[in-house]
Structures are given as structure tokens and as C-alpha cells.
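Summary of structural features
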Amino acid sequence: MKFISEYRGSEATEAVAKAIRREVRRSYSFMEVCGGHTAAIHRFGIPSLLPPEINLLSGPGCPVCVTPVSYINRAVTLSLESESIITTFGDLIRVPGTNTSLEQTKAAGADIRIVISALDAVALAAANPGKKVVFLGIGFETTAPGTAAAIIRASEKGIKNFFVLSGHKIMPPAMEAIIHDGTAIDGFICPGHVAAITGSSVFDFIPGRYGLGCVVSGFEPVDIMLSILMLVKQVNNSAPACEIQYSRVVTREGNLKAREIMERVFLTEDSEWRGIGKINTSGLGIRDAWKDHDALSLLRGLQPGEEGEENRFCLCSEILRGRRRPSDCRLFAKTCTPENPEGACMVSSEGACNAYYRFKRDAV
Amino acid sequence: MGHGSGGKLTSELVRDIFAKRFGMKGPLTDSSIISAEAKEIAFTTDSYVVDPVFFPGGDIGKLSVCGTVNDLAVAGAIPLSLAASFIIEEGFEISSLETIAGSMAAACLEAGVSVVTGDTKVVEKGKADGVFITTSGTGLVRQAYREAGTGKMVRPGDILIVSGSLGNHSIAVMAARKQLSFATDIVSDCAPLNNMTGKLLDAGTDIRFMRDITRGGLATVLNELAQMTGYDIHVEETGIPVDEPVKGICEMLGLDPLYLANEGKILFVAGPGDAERVTKILRSDPFGRNASVVGRITETKGKTVEMKTVAGGSRILGQLSGLQLPRIC
């Protein structure tokens, strides 16, 4: 596959691994913010290629993992309405809410369908005018423009029965929250797909204000290892900067059209992150101009449950902040497995616990 | 609905759609008599509920014959005869049923087996989804290979060989389901493999284990083998054959081809001295052209499957957890 195989081969990774071994002078902790990176790192066995001085921590960038219980409860409440069709990306249906998950309400008869694009949900609404089609909009700057475009499309076509329950979030405030939290890291492997939309410049404040390195990385093994090499060099030279490794996709400005669409439809608001808590101006709510398509309007008069108690032994909140590893959790691979997840990090294929469970020998 | 009543319409259905195509002669009795010359007979059964009933590269009829024939073949048996039972939803097109029976007959011909007995039931609309088929099959056990399905003959150093590219069936069915908006010309690999295994066994090759790589994919079969034998298994990702279009769709949807179902692929374990000959014989068969060595049985007893990835790293290849679902960002 063009643009994939050349970033995967073992000759190329071994060459970068050699360069990293040459550069290493101390131990380093880098956080891969994006769940896509977490999954790729473990899928390709990257830790086994790195010298022991390099310590990789998983961050808060798995959209399913950071979606709060209150959001799941709202989605469950909407799914129980007889005239509703819930459309969602796959993994979300398995996340436990306070009393139940969408998967369980689906099994009990709720109409819940998996889509791979918000526009598929708009088409479904057009085909089912008697139903209220709710799209569960979660994810970061990567998926938010697609949701915004779907709202605009529905509005332009007069499809009044299309609604979005926005749980969208943006990445930079969460990274700043982690720095404030005091997690010991030497730099960030920054999310490549987020930066493709936002541009790498949204991360400039991290080296500027906090003196920590940032490298926007692609998702293939060679990409990730090159990014680690770039971060090691930044640390060695005491020259933190925001660099782009993933230059075949990412620019400093990003995708202006996508940014403009997001800006038109969403406004930033405070947002709850599962395991982390409220982070100021880190969520995307739907602007008043589009409120006819905001699923919050459907929730009026309904009583979704509020935050429930998580299992008190669950370490998801520590893991999402890079303070602990999945294998530190006493539930991990015992009572908490991908089949029966206790915490959100075990649900999604991009969750740190799920990736550790599936791919790491020493952790299981 | 009348077709399920057991009366005239039922016998017409059985006679015109099924008996004719399966070459059943003489009166249709309640049991078929089959002759058993061998001391041991392999006996298997499986139900088929694929959705949609028709998909690129096959249909539920072809699948129901191939699946059961392959289960017999990997038990080291020569498939003999099949029984086929149909549960048909009221309103299901007769012409579709004819097509399905036709493809069953064609698959039987290819496999050299015959459907010797069967049953049909019709249920009310909404109580089934089109048509469900259950096939059972018998086969003559080849004594030299009677443990081929158990893992008991597997030893450290044995070589793992996959008979061809993985994932095509799953992707073809997923695309035909039209739930996910992608189009592809990938077709299912659904095929009867008993002729291919027959060649290997006729040649007296040192085959120590066989398993068809169906639900759960290669990763699941490898984990089962590790459990059965107790040994750790080492596989090389670069050796595992996956067609480019399948790879592309898996990348796009976040699927792993090693966990996708196949309907025309087998994992073989061969003695180290005979692995080359096994691969060569497989490659001479139309269903084994892409046969490839994927790994080996190690000396250590940890029941773990470890994979050297394309990137040169190593990781465990675990059991499938839950369903494979599309990724979201």
C-alpha cells in the first residue's frame, strides 16, 4: 500500500532505532496523546524496538475513553424513546453508563445503528422522516468537522429530524491540564490527525509556555519512531519546539475549510472528561443558530441519570493522565477485560488498557 | 406458508427444488442408507445464517456445503455424504431458493460429495431471516491422519503454513451488507478444500495438524493451537498473506485481517523436514496458490502466540475480544 508500506518495514524501523540508541543520554518519558498512536505503538510492538531509557505514556486522546458517564446516560435516555434512531461510531455502544450501556438497550430493542460517517446519519434521517435520528458526535478535531458538515447539510436540505448529541472535545486544553497536573513528561507525541485539521501551531504554547517538546507524528511505526528521535534530540539540546514529523499530511495552518466549518457550527465550552474531570473550554457545543439540530432539545422533560460511581479500584483516571500504567491496576485483565470492561480505557481499541491487554506480553 | 405444511406443496418443494438438484433418486424416505466401509467415520454438523444470503463469491448454499466439507477435510477425512436442512421464511423467493440449491449442487460436484437426505420447514414471516441451512456430513477417516485435528502430533520446530490470503470472506460479506458505505470488488474465498487436503494426504506428507480458518480468523486458530499443544507459537507478520485490497479496507475501518473469518483457508502444521513439499503441493492447487509459511512451534511451553510485526517489533497475538468494530478517529 502506497504511503503505508514504506513507513512500516523492519529495515527502516531498525535504522531509526539505531539512531535513537545513539542519541540516548538519560531516561525520557514521552506521552503519546492520541489513542491512535497508543494502538499503533502496541500493534507494531514498538516498545520492543526502543532502548529501555525511553518510556512511553498513554494520554487522554481516546475519544471513547474520555466520554463521561453523563453523556452515555443521555444517549441511553434518547435511545429509549420509541421514535428515535441512535447512530454512533462503533466502540461507544459498549461503554458502560450508570445503569446500562447502549449495547444493552440495543439488545432490549432500541434502534441503534453503527455508522462510519455523520453524513450516513443524515441520509438515514432523510430516509426515515417519521423518526428522530440522533448522531452521537464524539471525538476530537478529527471528527468534529464531519459532524459540523452533517449539521449544515441537514439544515440546507431541510432535514428537520436529524439531531446531534455533541460530546466533541478539543485536544490542547487537555494537554495543558495534564501539564498542570504535574505528570512527569519530557515531551508530547502530538496527534497527527488532529493537527491535520487544526495545524501544528495550536501546540506552539506547549514549548513556549511550558518548555516541553512537541512533535506531530504520523501513525506508522517509522513515523512514531522518528518522532521519538526528534523529541530525544530536543531534550538533549534543551531546545523544545513544536515540530512536524507528519509533514506529508500536516501543515502549520491546518485545514482552513474544516476549521471554518467547525467555527460556524460549534462554540467552545467547559467539558467533562471521564477520569479527568472538568476542563475549561475543552468541549464543543452547538451554536444557537443550529439549535434545531441539537439533541439536547430532545432531552427536555426526560431525566437521564447523572454521574454514577465508577468502580473504586478502576485506575482509568490515573491512566488517562499518564500517571499509572494499565498493569498497575488491580482490575486489569482480571475482572476488567475487553469482554467485560469496568473502565472506559478497556472498551475502545484505542484505549490504553485495551491495547495493553491485546498486545503486550508482560502486562497480561 | 403452505410449503411448510407437510402436504403436497411440501413434497413439490422438496422434489422440484432440492431432490432434482442433489441427484436424489427413487422414493424420498425418512432416512438414507449409506455404506460404511471404514472402521471410523467422521461426523460433523454446522448451521449457516449468513446475512446477506447472496454475497460476492458465493451464497448461503455454497457456504453450507463448503463449510461442512472443510470441517471433514481438516479432520483428515474423505467427505462422503451430506444432510441438509432448510428453515425458510415465508415469502422467500422460490427463484432464490433455486439458485441456492443450484450452488449447493455445484459445490457438491466440485467436492465429490452428495446430499443424501434433508428436511425443509417454512416459518412465518419475521420468524427467520430469508433462509437458514444446517448441513451435517460424514467422511471416511484416514487412519494415518486421524489425530490431525487434535494437535497431539504437533512437536517443537514444526512449521506453520497458511493455505492462502486472509480476510476476503469477511470483507466481501461486510461490503454486501451495505451497512457500511464502501464498495469493493473483493469476493469471498468460499470453496471446498477437500481436494487440496486430499492431495497432501495422498502424497503421505508429514501433516501434523489442520484447522480451517473460519470465525475468529488466524489469530484465534493459533491461540487454540497454543492451548491444545501447550507450546508457544512464533509467527512472522511479513509471511502472512493478505491481499492488497483487503489490507486497504482493514486500514480504513480499523480491522485486523488476522481476526477476520475465511471460508476457504486452512492452517497446516507440518514436520520441519516436509514443510517445503507441503507448501509446493498446496501451491499447485487452485485454492492454495498463495500458500505461505507463517511461523513455527517453539520449544517453550507458555501457550502464547507471539508475533514479529512488519515493523520488526514483537507483540502477542491475543484472542479476539468482542467484535471487531470500526475505529472512530
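In this text the structure is predicted, and so the values were computed from the model without any measurement.

1. What about the interface of chain B and chain A?
Counting residues at the interface gives 25 residues for chain B, matched by 38 residues for chain A. Of all the elements, helix α7 (residues 244–253) of chain B adds the most residues to the side of chain B that touches chain A, at four residues. The residue inventory of the side of chain B that touches chain A, partitioned by class, reads eight nonpolar, eleven polar and six charged.

2. Side note on the sheet that holds strand β9 (residues 242–244) of chain A
Residues and elements named next belong to chain A. The strand order β2-β1-β7-β8-β9 describes an open sheet built from five strands, whose pairing is parallel. Across the chains shown, the open sheet's two edge strands, defined by having one partner strand only, are β2 (54–61) and β9. Going across the sheet, the axis of each strand differs from the next one's by a mean of 25 degrees, ignoring polarity. Of the strand pairs in this sheet, strand β8 (residues 213–217) and β9 are connected by three bridges, and their pairing is parallel. For Val 216, the partnering residue across the bridge sits in β9 and is Ile 244. Helix α11 (residues 221–236) contacts β1 (28–34), β2, β7 (187–191), β8 and β9 of the sheet and is inclined by roughly 165 degrees relative to β8.

3. Concerning the domain arrangement of chain A
A common way to report how large an interface is uses the accessible area buried once the components associate. All names here are of chain A. Taken as a whole, chain A is organised into domain 1 (5–57 + 175–244), domain 2 (65–170 + 254–299) and domain 3 (317–359). Look at where the C-alpha atoms of domain 1 and domain 3 centre, and you get two points 22 Å apart. Taken together, the contact between domain 1 and domain 3 spans twelve residues of the former and eleven residues of the latter. For the side of domain 1 that touches domain 3, the element with the highest residue contribution is helix α2 (residues 35–43), accounting for six residues. In terms of residue class, the side of domain 1 that touches domain 3 is built from five nonpolar, five polar and two charged.

4. Examining the pairing of β2 of chain A
For β2 of chain A, a buried count of seven out of eight residues is recorded, marking the element as mostly surrounded by other parts of the structure. Read from β1 of chain A through α2 of chain A to β2 of chain A, the crossover connection turns out right-handed.

5. Description of helix α1 (residues 8–19) of chain B
Residue and element names in this part refer to chain B. Along α1, the positions that sit buried rather than exposed are Leu 13, Ile 17 and Phe 18. Seen end-on, α1 carries its buried residues on one side only, within an arc spanning 75 degrees. In α1, the exposed positions angled more than 90 degrees off the buried face are occupied by Lys 8, Glu 12 and Arg 15. Against α3 (94–111) and β5 (114–123) lie the buried residues of α1.

About the cut-offs
Residues numbered from 1 in each chain as written. Chains lettered and ligands numbered in written order. Predicted model: local features only at pLDDT ≥ 70, side-chain atom pairs only at ≥ 80, totals over all residues. Contact = placed C-beta atoms within 7 Å. Helix = DSSP H or I, 4+ residues; strand = E, 2+ residues; numbered from the N terminus. Nonpolar A, V, L, I, M, F, W, Y, C, P; charged D, E, K, R; others polar. Pairing = 2+ DSSP bridges. Axes fitted to C-alpha atoms, helices over the stretch in contact; angles between N-to-C directions. Domains from an automatic or database assignment. Buried ≥ 20, exposed ≤ 12 C-beta atoms within 10 Å, placed from the backbone. Right-handed = clockwise from strand over helix to strand, strands pointing away. Arc of directions from axis to C-beta.

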